[in-house]
Amino acid sequence: MADILQAKGIESGYGNVQVLWGVDLGVPQGSSVVLLGPNGAGKTTLLRTLLGILPLRSGSIRLDGEDLTRVPTERRVRAGLAFMSELGVFPNLSVVDNLYMGGYFLPRGEVGGRMRKMFDLFPDLARLRRSLAGSLSGGQRKMLGVAKTLMSRPKVLAMDEPSAGLSPKYVKEVLETLELAHEEGLSLLIAEQNVLFLEHADYGYVLEGGRIVAQGSAMDLKSDDTVRRAYFGMLAETRPQET
Ligand code: ATP
């Protein structure tokens, strides 16, 4: 499957501190890709660079064949690259109004239909349509964040640590939400520290010290010793003891 999002040789950082060193990453059309890495590895920096929030020092970015390397963030978003950070919703607005905000750039005539589609996909949100986003549970808020982003029919949704601050129950809800979005045909790029997300992804990259140090399917990565040691903690149980 061709890559809908393709980043090559990405270098970026803050001031005179370089954080990313020649990162190559692709998101195949319709797939779910997870970017794993410990604190400070550069995951957020990579997502922000892809979105153009941080300037690119070197490298190239293409979305669905379109060169986005030098275009401003707003053009990237309009081209179909959506970003959901931790603060994905407006807490003082209702569920419906958040969805309206998400559909801001849609042609007027399409907003109602798109919103019905979101309510079909996420019946919990239909039930809570008049509630303030700030009154929802952590899991429901992430669901609303995803639905709000989906309103604009993005091609790729990049998310920064969707599990941050959530209890395991809500993490499970987020995984279910992402599965539904994925089934809708959305391509996903998810930066995470929680290895559970790899289990649900088609492909994974491991970023450490601003460099990709491993990549492959969940199965490939689980059999990579370095990744197992860092993320699965099961090396000792599954390998014969060396004498
Ligand atoms: P985390 O999960 O902790 O957010 P991360 O993998 O997303 O980790 P980044 O936030 O991208 O990592 O940080 C990568 C490096 O860049 C770290 O060394 C961090 O200290 C540094 N950094 C991040 N933001 C800034 C900033 N605004 N100014 C200077 N350095 C920064």
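Bear in mind the structure is a predicted one, so any value in this text is a computation, not a measurement.

Moving on, we come to the packing of helix α3 (residues 95-102) against helix α6 (residues 138-150). Between α3 and α6, the least distance of the axes is 7 Å, while the angle of their chain directions is 35 degrees. Of the two possible hands of crossing, α3 and α6 adopt the one that is right-handed. Of the residues in α6, those in contact with Val 95, Asn 98, Leu 99, Met 101 and Gly 102 of α3 are Leu 144, Ala 147 and Lys 148. Classifying every residue of the contact of α3 with α6 gives five nonpolar, two polar and one charged.

A few words now on helix α4 (residues 108-121). Its 14 residues place the ends of α4 21 Å apart at the C-alpha level, agreeing with the 20 Å of an ideal helix rising 1.5 Å per residue. Elements in contact with the buried residues of α4: α3, α5 (123-127), α6 and α7 (168-183).

Let's shift gears to the pairing of strand β1 (residues 3-14). With eight bridges joining them, β1 and strand β2 (residues 17-28) adopt antiparallel strand pairing. If you follow Gly 13 over to β2, its bridge partner there is Gln 18. Once β1 ends, the chain turns through two residues before running back antiparallel as β2, passing Gly 15 with a positive phi of about 55 degrees. Here five bridges tie β1 to strand β4 (residues 58-63), and the two strands are oriented antiparallel to one another. In the sheet register, Ala 7 faces β4, and the bridge partner there is Ile 61.

Thresholds applied
- Residues numbered from 1 in each chain as written.
- Predicted model: local features only at pLDDT ≥ 70, side-chain atom pairs only at ≥ 80, totals over all residues.
- Heavy atoms only, no water.
- Axes fitted to C-alpha atoms, helices over the stretch in contact; angles between N-to-C directions.
- Helix = DSSP H or I, 4+ residues; strand = E, 2+ residues; numbered from the N terminus.
- Left-handed = near helix turned anticlockwise from the far one by under 90°.
- Contact = heavy atoms within 4.5 Å.
- Nonpolar A, V, L, I, M, F, W, Y, C, P; charged D, E, K, R; others polar.
- Expected span 1.5 Å × (residues − 1).
- Pairing = 2+ DSSP bridges.

The quantities given are spatial measurements derived from coordinates; they are silent on function.
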